[in-house]
Amino acid sequence: MLALGPTFVKIGQVLSTRPDLVPQVYAEEFVTLQDAIPAGPYREMIPALAEDVGYHSYDDFDPEPIAGGSLAQVYLASYQGEQVVVKVRRPGIKDLIETDLRIIRRIIPLTLFLAPDRFSFSLRNMADDFERIILEELDFEREARMMEEIRENFAADENDTVTIPRVYRDVSSDRVLTMGYVEGTKVTDVKELEASGHDPENVAERVADAYFTMGLEHGVYHGDPHPGNLAVDDDGRIVFYDFGMSGRFTPAMQASVVNLYLAAVNRNVDAIIDELVALGALDPDADRAAVGRVLELVIEDLEGSDEVDWQQIIDVIVGMLREFPFRIPPDVMLVLRVGSIGEGVLRQLDPEFDILAAAQSFLREHGFLRRAARIKLAEARSDLETSLWALLRLPTKLERELDAREQERVETPRALVENQRRQTRSIGYAILAAGTLVASGLVVPVSRIYATVGIVVAFGFVVLFLRSSNRQPQ
(Lines give C-alpha, C1' and ligand atoms only; values in the text may rest on other atoms or scores of the structure.)
Protein backbone atom coordinates (compact mmCIF):
# COMPACT_ATOMS: atom_id res chain seq x y z
CA MET A 1 0.00 0.00 0.00
CA LEU A 2 2.84 2.40 0.82
CA ALA A 3 4.55 1.66 -2.51
CA LEU A 4 1.34 2.21 -4.49
CA GLY A 5 0.89 5.72 -3.14
CA PRO A 6 -1.57 7.94 -1.22
CA THR A 7 -4.81 6.51 -2.65
CA PHE A 8 -3.90 2.96 -1.68
CA VAL A 9 -2.59 4.10 1.68
CA LYS A 10 -6.02 5.63 2.27
CA ILE A 11 -7.66 2.39 1.06
CA GLY A 12 -5.59 0.52 3.63
CA GLN A 13 -6.61 2.97 6.34
CA VAL A 14 -10.28 2.52 5.41
CA LEU A 15 -9.89 -1.29 5.34
CA SER A 16 -8.44 -1.11 8.85
CA THR A 17 -11.95 -0.11 9.95
CA ARG A 18 -13.77 -2.71 7.81
CA PRO A 19 -13.82 -6.08 9.61
CA ASP A 20 -16.77 -7.00 7.37
CA LEU A 21 -14.35 -7.12 4.42
CA VAL A 22 -10.96 -8.22 5.73
CA PRO A 23 -9.87 -10.59 8.52
CA GLN A 24 -9.09 -8.93 11.85
CA VAL A 25 -5.35 -9.65 11.51
CA TYR A 26 -5.29 -7.61 8.26
CA ALA A 27 -7.32 -4.81 9.82
CA GLU A 28 -4.82 -4.59 12.70
CA GLU A 29 -1.87 -4.44 10.28
CA PHE A 30 -3.49 -1.73 8.16
CA VAL A 31 -3.85 0.44 11.28
CA THR A 32 -0.06 1.01 11.11
CA LEU A 33 -0.60 3.00 7.92
CA GLN A 34 -1.95 5.85 10.07
CA ASP A 35 1.59 6.75 11.15
CA ALA A 36 3.68 5.37 8.28
CA ILE A 37 3.67 8.37 5.92
CA PRO A 38 7.03 10.19 5.66
CA ALA A 39 7.00 13.99 5.64
CA GLY A 40 7.43 15.70 2.26
CA PRO A 41 9.85 18.59 1.66
CA TYR A 42 8.59 22.04 2.64
CA ARG A 43 9.43 23.55 -0.78
CA GLU A 44 6.69 21.38 -2.33
CA MET A 45 4.09 23.05 -0.08
CA ILE A 46 5.01 26.64 -0.97
CA PRO A 47 3.00 26.84 -4.25
CA ALA A 48 -0.32 26.02 -2.51
CA LEU A 49 0.38 28.57 0.22
CA ALA A 50 1.45 31.27 -2.26
CA GLU A 51 -1.39 30.74 -4.75
CA ASP A 52 -4.25 30.24 -2.28
CA VAL A 53 -3.59 32.51 0.71
CA GLY A 54 -0.40 34.39 -0.05
CA TYR A 55 2.90 33.09 1.23
CA HIS A 56 3.64 36.32 3.13
CA SER A 57 0.22 36.47 4.82
CA TYR A 58 1.72 34.89 7.94
CA ASP A 59 3.93 36.78 10.39
CA ASP A 60 6.09 33.70 10.79
CA PHE A 61 6.02 30.14 9.42
CA ASP A 62 7.97 27.15 10.77
CA PRO A 63 9.03 24.94 7.82
CA GLU A 64 9.28 21.83 9.97
CA PRO A 65 5.94 19.94 9.93
CA ILE A 66 4.48 18.97 13.29
CA ALA A 67 2.29 16.26 11.75
CA GLY A 68 1.72 14.64 8.39
CA GLY A 69 -0.40 12.14 6.54
CA SER A 70 -1.05 10.71 3.11
CA LEU A 71 -3.06 13.77 2.03
CA ALA A 72 -1.63 16.76 3.93
CA GLN A 73 1.01 18.13 6.28
CA VAL A 74 0.57 20.40 9.30
CA TYR A 75 2.78 23.36 10.31
CA LEU A 76 3.00 25.92 13.10
CA ALA A 77 2.82 29.61 12.18
CA SER A 78 1.76 32.98 13.58
CA TYR A 79 -0.93 35.16 12.03
CA GLN A 80 -1.94 38.66 13.13
CA GLY A 81 -0.16 38.12 16.43
CA GLU A 82 -1.90 34.75 17.09
CA GLN A 83 -0.28 31.35 17.01
CA VAL A 84 -1.97 29.16 14.40
CA VAL A 85 -1.80 25.72 12.84
CA VAL A 86 -1.70 25.48 9.03
CA LYS A 87 -2.81 22.32 7.25
CA VAL A 88 -1.57 22.15 3.64
CA ARG A 89 -2.68 19.61 1.06
CA ARG A 90 0.14 17.70 -0.62
CA PRO A 91 0.89 19.00 -4.15
CA GLY A 92 -0.74 17.15 -7.06
CA ILE A 93 -2.50 14.78 -4.69
CA LYS A 94 -6.01 15.44 -6.03
CA ASP A 95 -5.09 14.65 -9.67
CA LEU A 96 -3.23 11.54 -8.55
CA ILE A 97 -6.17 10.32 -6.47
CA GLU A 98 -8.69 10.97 -9.25
CA THR A 99 -6.50 8.91 -11.62
CA ASP A 100 -6.27 6.09 -9.07
CA LEU A 101 -10.05 6.21 -8.53
CA ARG A 102 -10.63 5.72 -12.26
CA ILE A 103 -8.39 2.65 -12.14
CA ILE A 104 -10.21 1.31 -9.09
CA ARG A 105 -13.60 1.78 -10.76
CA ARG A 106 -12.37 -0.41 -13.65
CA ILE A 107 -11.04 -3.06 -11.28
CA ILE A 108 -14.23 -3.34 -9.20
CA PRO A 109 -16.25 -5.40 -11.77
CA LEU A 110 -13.44 -7.95 -11.94
CA THR A 111 -13.21 -8.02 -8.15
CA LEU A 112 -16.96 -8.59 -7.87
CA PHE A 113 -16.70 -11.43 -10.41
CA LEU A 114 -13.92 -13.18 -8.47
CA ALA A 115 -15.08 -12.44 -4.92
CA PRO A 116 -17.45 -14.76 -3.01
CA ASP A 117 -21.11 -13.79 -3.31
CA ARG A 118 -21.30 -12.84 0.36
CA PHE A 119 -18.82 -9.98 -0.23
CA SER A 120 -20.53 -8.50 -3.29
CA PHE A 121 -22.93 -6.34 -1.25
CA SER A 122 -20.04 -4.87 0.83
CA LEU A 123 -17.66 -4.37 -2.11
CA ARG A 124 -20.30 -2.80 -4.35
CA ASN A 125 -21.15 -0.20 -1.71
CA MET A 126 -17.61 0.34 -0.43
CA ALA A 127 -16.39 1.51 -3.86
CA ASP A 128 -18.85 4.43 -3.83
CA ASP A 129 -18.34 5.04 -0.10
CA PHE A 130 -14.54 5.21 -0.43
CA GLU A 131 -14.64 7.68 -3.31
CA ARG A 132 -16.92 10.00 -1.34
CA ILE A 133 -14.82 9.74 1.83
CA ILE A 134 -11.47 10.48 0.21
CA LEU A 135 -12.79 13.38 -1.91
CA GLU A 136 -14.39 14.90 1.20
CA GLU A 137 -11.07 14.63 3.07
CA LEU A 138 -9.35 16.51 0.24
CA ASP A 139 -11.80 19.40 0.57
CA PHE A 140 -10.48 21.64 3.34
CA GLU A 141 -13.33 24.12 2.85
CA ARG A 142 -15.73 21.34 3.88
CA GLU A 143 -13.56 20.56 6.92
CA ALA A 144 -13.61 24.26 7.86
CA ARG A 145 -17.43 24.30 7.68
CA MET A 146 -17.66 21.22 9.90
CA MET A 147 -15.28 22.78 12.45
CA GLU A 148 -17.31 25.99 12.54
CA GLU A 149 -20.58 24.08 12.90
CA ILE A 150 -19.30 21.89 15.74
CA ARG A 151 -17.66 24.89 17.42
CA GLU A 152 -20.98 26.77 17.26
CA ASN A 153 -22.90 23.76 18.61
CA PHE A 154 -20.71 23.61 21.70
CA ALA A 155 -20.69 27.40 22.15
CA ALA A 156 -24.17 27.04 23.67
CA ASP A 157 -22.83 24.60 26.29
CA GLU A 158 -23.20 26.35 29.64
CA ASN A 159 -20.67 24.00 31.25
CA ASP A 160 -17.98 25.01 28.72
CA THR A 161 -16.51 21.50 28.56
CA VAL A 162 -15.30 21.37 24.92
CA THR A 163 -12.95 23.52 22.84
CA ILE A 164 -12.87 23.50 19.03
CA PRO A 165 -10.10 25.54 17.31
CA ARG A 166 -11.19 28.68 15.49
CA VAL A 167 -10.97 28.74 11.68
CA TYR A 168 -9.24 31.75 10.03
CA ARG A 169 -11.27 32.06 6.82
CA ASP A 170 -9.17 34.80 5.19
CA VAL A 171 -6.13 32.48 5.10
CA SER A 172 -7.95 29.26 4.25
CA SER A 173 -8.99 27.60 0.98
CA ASP A 174 -9.79 24.13 -0.36
CA ARG A 175 -6.02 23.34 -0.14
CA VAL A 176 -5.01 25.33 2.95
CA LEU A 177 -6.72 25.34 6.34
CA THR A 178 -5.57 27.79 9.01
CA MET A 179 -6.92 27.29 12.50
CA GLY A 180 -6.17 28.52 15.99
CA TYR A 181 -3.48 26.79 18.00
CA VAL A 182 -5.01 25.36 21.16
CA GLU A 183 -2.44 23.98 23.56
CA GLY A 184 -3.33 20.98 25.65
CA THR A 185 -2.09 17.83 27.31
CA LYS A 186 -2.42 14.69 25.22
CA VAL A 187 -5.48 12.87 26.51
CA THR A 188 -3.60 9.61 27.12
CA ASP A 189 -0.74 11.24 29.04
CA VAL A 190 -2.14 10.18 32.42
CA LYS A 191 0.85 11.30 34.51
CA GLU A 192 0.86 14.78 32.97
CA LEU A 193 -2.90 15.10 33.47
CA GLU A 194 -2.61 14.17 37.13
CA ALA A 195 0.30 16.59 37.55
CA SER A 196 -1.91 19.34 36.10
CA GLY A 197 -4.67 18.55 38.60
CA HIS A 198 -7.01 16.67 36.26
CA ASP A 199 -8.73 13.44 37.30
CA PRO A 200 -8.21 10.88 34.45
CA GLU A 201 -11.49 9.09 35.23
CA ASN A 202 -13.40 12.36 35.04
CA VAL A 203 -11.63 13.22 31.78
CA ALA A 204 -12.75 9.86 30.34
CA GLU A 205 -16.37 10.58 31.26
CA ARG A 206 -16.25 14.05 29.68
CA VAL A 207 -14.66 12.77 26.44
CA ALA A 208 -17.39 10.11 26.12
CA ASP A 209 -20.10 12.65 26.94
CA ALA A 210 -18.74 15.03 24.27
CA TYR A 211 -18.90 12.30 21.62
CA PHE A 212 -22.43 11.27 22.62
CA THR A 213 -23.52 14.91 22.57
CA MET A 214 -22.10 15.42 19.09
CA GLY A 215 -23.66 12.29 17.64
CA LEU A 216 -27.02 12.00 19.37
CA GLU A 217 -27.91 15.64 20.05
CA HIS A 218 -26.04 17.70 17.46
CA GLY A 219 -26.22 15.11 14.66
CA VAL A 220 -22.52 15.34 13.71
CA TYR A 221 -19.48 13.16 14.29
CA HIS A 222 -15.72 13.47 14.68
CA GLY A 223 -14.54 10.21 13.15
CA ASP A 224 -10.86 10.17 14.14
CA PRO A 225 -10.58 9.92 17.93
CA HIS A 226 -7.00 8.65 18.18
CA PRO A 227 -4.88 10.11 21.04
CA GLY A 228 -3.17 12.68 18.80
CA ASN A 229 -6.51 14.34 18.07
CA LEU A 230 -7.68 14.69 21.67
CA ALA A 231 -6.24 16.85 24.44
CA VAL A 232 -7.14 18.57 27.70
CA ASP A 233 -6.43 22.29 28.09
CA ASP A 234 -5.39 24.05 31.30
CA ASP A 235 -9.03 24.70 32.24
CA GLY A 236 -9.93 21.02 31.89
CA ARG A 237 -11.83 21.38 28.63
CA ILE A 238 -11.64 18.63 26.01
CA VAL A 239 -9.88 19.81 22.83
CA PHE A 240 -10.65 18.21 19.44
CA TYR A 241 -8.23 18.41 16.51
CA ASP A 242 -8.47 17.31 12.84
CA PHE A 243 -11.98 17.20 11.40
CA GLY A 244 -11.09 15.65 8.04
CA MET A 245 -13.11 12.54 8.92
CA SER A 246 -16.23 14.27 10.13
CA GLY A 247 -19.78 14.64 8.89
CA ARG A 248 -23.47 14.83 9.67
CA PHE A 249 -26.06 12.24 10.55
CA THR A 250 -29.50 12.44 9.04
CA PRO A 251 -32.35 12.62 11.57
CA ALA A 252 -33.41 9.16 10.40
CA MET A 253 -29.95 7.76 11.12
CA GLN A 254 -29.85 9.36 14.56
CA ALA A 255 -33.20 7.74 15.34
CA SER A 256 -32.03 4.38 13.96
CA VAL A 257 -28.88 4.40 16.10
CA VAL A 258 -30.93 5.05 19.25
CA ASN A 259 -33.57 2.47 18.23
CA LEU A 260 -30.86 -0.09 17.49
CA TYR A 261 -29.41 0.38 20.95
CA LEU A 262 -32.85 0.09 22.57
CA ALA A 263 -33.65 -3.02 20.54
CA ALA A 264 -30.36 -4.58 21.66
CA VAL A 265 -31.07 -3.76 25.30
CA ASN A 266 -34.54 -5.34 25.01
CA ARG A 267 -33.17 -8.39 23.09
CA ASN A 268 -35.70 -7.64 20.33
CA VAL A 269 -34.18 -9.47 17.35
CA ASP A 270 -36.88 -8.39 14.84
CA ALA A 271 -36.36 -4.73 15.78
CA ILE A 272 -32.56 -5.15 15.46
CA ILE A 273 -32.99 -6.51 11.93
CA ASP A 274 -35.37 -3.65 11.04
CA GLU A 275 -32.83 -1.05 12.15
CA LEU A 276 -29.93 -2.80 10.35
CA VAL A 277 -31.97 -2.62 7.14
CA ALA A 278 -32.91 1.02 7.83
CA LEU A 279 -29.23 1.90 8.34
CA GLY A 280 -28.29 0.22 5.05
CA ALA A 281 -26.16 -2.39 6.82
CA LEU A 282 -28.28 -5.37 5.78
CA ASP A 283 -29.74 -6.13 2.37
CA PRO A 284 -33.58 -5.90 2.59
CA ASP A 285 -33.75 -9.20 0.66
CA ALA A 286 -31.64 -11.07 3.22
CA ASP A 287 -33.17 -14.14 4.90
CA ARG A 288 -34.64 -12.53 8.04
CA ALA A 289 -35.21 -15.87 9.78
CA ALA A 290 -31.59 -16.94 9.28
CA VAL A 291 -30.25 -13.52 10.34
CA GLY A 292 -32.53 -13.65 13.39
CA ARG A 293 -31.11 -17.03 14.44
CA VAL A 294 -27.56 -15.68 14.09
CA LEU A 295 -28.37 -12.59 16.18
CA GLU A 296 -29.92 -14.78 18.89
CA LEU A 297 -26.67 -16.77 19.00
CA VAL A 298 -24.69 -13.50 19.22
CA ILE A 299 -26.80 -12.32 22.18
CA GLU A 300 -26.44 -15.68 23.95
CA ASP A 301 -22.69 -15.66 23.33
CA LEU A 302 -22.24 -12.13 24.69
CA GLU A 303 -24.47 -12.77 27.69
CA GLY A 304 -22.26 -15.73 28.61
CA SER A 305 -19.11 -13.60 28.73
CA ASP A 306 -17.81 -12.23 32.02
CA GLU A 307 -16.61 -8.97 30.45
CA VAL A 308 -18.02 -7.48 27.26
CA ASP A 309 -16.49 -4.50 25.49
CA TRP A 310 -17.42 -2.55 22.38
CA GLN A 311 -14.77 -4.16 20.13
CA GLN A 312 -15.80 -7.65 21.22
CA ILE A 313 -19.42 -6.93 20.29
CA ILE A 314 -18.41 -5.63 16.84
CA ASP A 315 -16.09 -8.58 16.19
CA VAL A 316 -18.73 -11.16 17.15
CA ILE A 317 -21.56 -9.54 15.18
CA VAL A 318 -19.49 -8.92 12.04
CA GLY A 319 -17.95 -12.39 12.22
CA MET A 320 -21.32 -14.12 12.40
CA LEU A 321 -23.04 -11.92 9.79
CA ARG A 322 -20.18 -12.31 7.29
CA GLU A 323 -22.11 -15.02 5.43
CA PHE A 324 -25.02 -12.68 4.68
CA PRO A 325 -25.37 -9.70 2.28
CA PHE A 326 -24.12 -7.46 5.09
CA ARG A 327 -21.98 -4.36 4.90
CA ILE A 328 -21.15 -1.49 7.20
CA PRO A 329 -22.04 1.94 5.70
CA PRO A 330 -19.28 4.55 6.02
CA ASP A 331 -21.12 6.73 8.53
CA VAL A 332 -21.99 3.69 10.65
CA MET A 333 -18.42 2.44 10.35
CA LEU A 334 -17.13 5.77 11.60
CA VAL A 335 -19.48 5.48 14.59
CA LEU A 336 -18.15 1.96 15.28
CA ARG A 337 -14.60 3.23 14.79
CA VAL A 338 -15.21 6.03 17.26
CA GLY A 339 -16.56 3.45 19.70
CA SER A 340 -13.69 0.97 19.36
CA ILE A 341 -10.79 3.46 19.18
CA GLY A 342 -12.46 5.75 21.70
CA GLU A 343 -12.94 2.88 24.14
CA GLY A 344 -9.23 2.06 23.88
CA VAL A 345 -8.31 5.68 24.57
CA LEU A 346 -10.74 5.99 27.46
CA ARG A 347 -9.51 2.79 29.10
CA GLN A 348 -6.02 4.26 29.17
CA LEU A 349 -7.54 6.96 31.37
CA ASP A 350 -9.79 4.60 33.33
CA PRO A 351 -9.02 0.85 32.97
CA GLU A 352 -12.57 -0.02 34.09
CA PHE A 353 -14.35 2.43 31.79
CA ASP A 354 -17.47 0.87 30.23
CA ILE A 355 -18.51 2.77 27.09
CA LEU A 356 -21.78 0.84 26.81
CA ALA A 357 -22.78 1.75 30.37
CA ALA A 358 -21.79 5.35 29.64
CA ALA A 359 -24.00 5.33 26.52
CA GLN A 360 -26.94 3.95 28.50
CA SER A 361 -26.45 6.59 31.18
CA PHE A 362 -26.31 9.37 28.54
CA LEU A 363 -29.48 8.14 26.84
CA ARG A 364 -31.30 8.00 30.16
CA GLU A 365 -30.11 11.40 31.43
CA HIS A 366 -30.94 13.15 28.16
CA GLY A 367 -34.42 11.70 27.86
CA PHE A 368 -33.84 9.37 24.90
CA LEU A 369 -35.18 6.35 26.78
CA ARG A 370 -38.31 8.22 27.91
CA ARG A 371 -38.80 9.58 24.40
CA ALA A 372 -38.56 6.08 22.90
CA ALA A 373 -40.95 4.72 25.55
CA ARG A 374 -43.50 7.46 24.74
CA ILE A 375 -43.29 6.64 21.03
CA LYS A 376 -43.77 2.92 21.71
CA LEU A 377 -46.69 3.66 24.04
CA ALA A 378 -48.36 5.85 21.41
CA GLU A 379 -47.88 3.13 18.78
CA ALA A 380 -49.30 0.46 21.10
CA ARG A 381 -52.30 2.65 22.01
CA SER A 382 -53.01 3.34 18.33
CA ASP A 383 -52.77 -0.37 17.48
CA LEU A 384 -55.05 -1.23 20.38
CA GLU A 385 -57.69 1.34 19.42
CA THR A 386 -57.63 0.08 15.83
CA SER A 387 -57.97 -3.54 16.99
CA LEU A 388 -60.85 -2.79 19.40
CA TRP A 389 -62.70 -0.83 16.72
CA ALA A 390 -62.28 -3.74 14.32
CA LEU A 391 -63.53 -6.16 16.97
CA LEU A 392 -66.61 -4.04 17.64
CA ARG A 393 -67.44 -3.97 13.94
CA LEU A 394 -66.88 -7.70 13.48
CA PRO A 395 -70.30 -8.91 14.78
CA THR A 396 -72.08 -6.63 12.29
CA LYS A 397 -69.92 -7.96 9.46
CA LEU A 398 -70.53 -11.52 10.64
CA GLU A 399 -74.30 -10.93 10.73
CA ARG A 400 -74.22 -9.57 7.19
CA GLU A 401 -72.29 -12.62 6.03
CA LEU A 402 -74.82 -14.92 7.67
CA ASP A 403 -77.73 -13.05 6.07
CA ALA A 404 -76.02 -13.32 2.69
CA ARG A 405 -75.57 -17.05 3.18
CA GLU A 406 -79.25 -17.39 4.14
CA GLN A 407 -80.39 -15.52 1.05
CA GLU A 408 -78.31 -17.83 -1.14
CA ARG A 409 -80.17 -20.95 -0.03
CA VAL A 410 -82.69 -22.07 -2.62
CA GLU A 411 -83.26 -25.76 -2.24
CA THR A 412 -81.21 -26.35 0.90
CA PRO A 413 -83.27 -27.92 3.72
CA ARG A 414 -84.17 -25.41 6.46
CA ALA A 415 -82.72 -27.56 9.27
CA LEU A 416 -79.32 -27.79 7.55
CA VAL A 417 -79.22 -24.05 6.92
CA GLU A 418 -80.02 -23.24 10.54
CA ASN A 419 -77.40 -25.71 11.77
CA GLN A 420 -74.72 -24.19 9.52
CA ARG A 421 -75.67 -20.71 10.66
CA ARG A 422 -75.44 -21.71 14.32
CA GLN A 423 -72.01 -23.34 13.85
CA THR A 424 -70.66 -20.32 11.96
CA ARG A 425 -71.90 -17.95 14.66
CA SER A 426 -70.32 -20.12 17.38
CA ILE A 427 -66.96 -20.18 15.61
CA GLY A 428 -67.13 -16.40 15.15
CA TYR A 429 -67.77 -15.84 18.86
CA ALA A 430 -64.89 -18.19 19.76
CA ILE A 431 -62.47 -16.31 17.49
CA LEU A 432 -63.60 -12.97 18.90
CA ALA A 433 -63.20 -14.19 22.48
CA ALA A 434 -59.71 -15.60 21.87
CA GLY A 435 -58.52 -12.56 19.92
CA THR A 436 -59.81 -10.09 22.48
CA LEU A 437 -58.26 -12.05 25.35
CA VAL A 438 -54.84 -12.20 23.67
CA ALA A 439 -54.97 -8.47 22.85
CA SER A 440 -55.88 -7.69 26.46
CA GLY A 441 -52.91 -9.67 27.75
CA LEU A 442 -50.51 -7.88 25.38
CA VAL A 443 -51.78 -4.45 26.37
CA VAL A 444 -51.48 -4.91 30.15
CA PRO A 445 -48.01 -3.20 30.33
CA VAL A 446 -49.36 -0.25 28.31
CA SER A 447 -52.76 0.43 29.88
CA ARG A 448 -54.58 -1.52 32.59
CA ILE A 449 -57.84 0.27 31.69
CA TYR A 450 -57.77 -0.96 28.09
CA ALA A 451 -56.78 -4.42 29.33
CA THR A 452 -59.74 -4.55 31.74
CA VAL A 453 -62.19 -3.43 29.03
CA GLY A 454 -60.77 -6.08 26.72
CA ILE A 455 -61.19 -8.84 29.30
CA VAL A 456 -64.84 -7.82 29.90
CA VAL A 457 -65.52 -7.86 26.14
CA ALA A 458 -63.81 -11.26 25.84
CA PHE A 459 -66.00 -12.64 28.67
CA GLY A 460 -69.08 -11.39 26.82
CA PHE A 461 -68.01 -13.22 23.66
CA VAL A 462 -67.43 -16.40 25.72
CA VAL A 463 -71.00 -16.20 27.06
CA LEU A 464 -72.37 -15.74 23.54
CA PHE A 465 -70.25 -18.65 22.32
CA LEU A 466 -71.60 -20.96 25.06
CA ARG A 467 -75.20 -19.94 24.39
CA SER A 468 -74.80 -20.45 20.67
CA SER A 469 -73.08 -23.82 21.10
CA ASN A 470 -75.71 -25.16 23.51
CA ARG A 471 -78.69 -24.06 21.41
CA GLN A 472 -80.48 -27.10 19.94
CA PRO A 473 -80.72 -27.26 16.17
CA GLN A 474 -84.18 -26.61 14.77
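Predicted model only: the values in this text are computed from it and were never measured.

Points about helix 1 (residues 6–15)
For helix 1, the buried fraction is high: 10 of the 10 residues fall into the buried class. Buried within helix 1 are the following residues: Pro6, Thr7, Phe8, Val9, Lys10, Ile11, Gly12, Gln13, Val14 and Leu15.

Quick notes on the packing of aromatic side chains
Aromatic rings considered in pairs are described by the distance between their centres and by the relative angle of their planes. For the structure on display, the rule yields 8 aromatic pairs. Measuring from centroid to centroid gives 5.5 Å for tyrosine 58 and phenylalanine 61, while their planes differ by 65°, and the two rings are edge-to-face. Pair check on accessibility: tyrosine 58 and phenylalanine 61 agree, each one buried. Cluster of aromatic residues (ring-pair linked, three or more members): Tyr42, Tyr58, Phe61, Tyr75, Tyr79 and Tyr168. Geometry around tyrosine 168 places arginine 166 over its ring, the cationic atom sitting 4.2 Å from the centre.

Here we look at the pairing of strand 4 (residues 82–89)
Strand 4 sits mainly inside the fold: 6 of its 8 residues count as buried. Here strand 3 (residues 72–79) runs beside strand 4; their pairing, made up of 8 bridges, is antiparallel. Looking at the pairing, leucine 76 lines up with valine 85 of strand 4. Examined bridge by bridge, strand 4 and strand 6 (residues 176–180) share 5 bridges and lie antiparallel to one another. Its bridge partner lying in strand 6, valine 85 is registered against methionine 179.

Considering the nonpolar core
Of all hydrophobic cores here, the largest spans 42 residues; its most connected members are Ile150, Val187, Val207 and Phe240. When contributions to this core are tallied by element, the ones reaching two or more residues are strand 3, helix 6 (140–155), strand 6, helix 8 (200–218), strand 9 (230–232), strand 10 (238–240), helix 13 (330–349) and helix 14 (355–365). For this core, the leading source of residues is helix 8, giving 9 residues. Look past the residues within four positions of isoleucine 150 in its chain and what remains in contact with it is Ile164, Met214, Val220 and Phe243. Core analysis: the second largest hydrophobic core is formed by 18 residues, Phe8, Val9, Leu71 and Leu138 among them.

Considering the environment of proline 47
By the secondary structure assignment, proline 47 is in helix 3 (residues 46–52). In the structure, proline 47 is positioned 44 residues away from proline 91 in sequence and 8.1 Å away in space, judged by C-alpha atoms.

Some thoughts on the confidence of the model for the chain
Mean pLDDT over the chain stands at 76; residues scoring 70 or higher make up 69%. In the model of the chain, helix 15 (residues 368–408) stands out as the element of lowest mean pLDDT, 62, in contrast to strand 6, which has the highest, 94.

So, the pattern of salt bridges
All told, the structure shown has 11 salt bridges when counted by the stated rule. For glutamate 148, the salt bridge is made with arginine 169, and the minimal N-O distance between the two is 2.9 Å. Residue glutamate 148 is located in helix 6, and its partner arginine 169 is located in the loop between strand 5 (162–163) and strand 6; the two are separated by 21 residues in the primary sequence. Taken together, the salt bridges that share partners define one network made up of Asp160, Asp233, Asp235 and Arg237.

Brief notes about the packing of helix 1 against helix 4 (residues 93–114)
Here helix 1 crosses helix 4 at 65°, and the two axes come no closer than 8 Å. On the basis of their axis angle, the class for helix 1 and helix 4 is roughly perpendicular. Residues Pro6, Thr7, Phe8 and Ile11 of helix 1 form the contact with helix 4, whose own contacting residues are Ile93, Leu96, Ile97, Asp100 and Ile104. Its residues assigned to classes, the contact of helix 1 with helix 4 comprises 7 nonpolar, 1 polar and 1 charged.

What counts, and where the lines are drawn
Residues numbered from 1 in each chain as written. Predicted model: local features only at pLDDT ≥ 70, side-chain atom pairs only at ≥ 80, totals over all residues. Heavy atoms only, no water. Buried < 20%, exposed > 50% of the residue type's maximum accessible area, 1.4 Å probe, protein only. Helix = DSSP H or I, 4+ residues; strand = E, 2+ residues; numbered from the N terminus. Phe/Tyr/Trp six-rings, centres within 6.5 Å; stacked < 30°, edge-to-face > 60°. Lys NZ or Arg CZ within 6 Å of the ring centre and 35° of its normal. Pairing = 2+ DSSP bridges. Core = buried A, V, L, I, M, F, W, Y, C linked by side-chain atoms within 4.5 Å. Contact = heavy atoms within 4.5 Å. pLDDT = per-residue confidence, 0-100. Salt bridge = Lys/Arg side-chain N within 4 Å of Asp/Glu carboxyl O. Axes fitted to C-alpha atoms, helices over the stretch in contact; angles between N-to-C directions. Parallel < 35°, antiparallel > 145°, perpendicular 65-115°, else oblique. Nonpolar A, V, L, I, M, F, W, Y, C, P; charged D, E, K, R; others polar.

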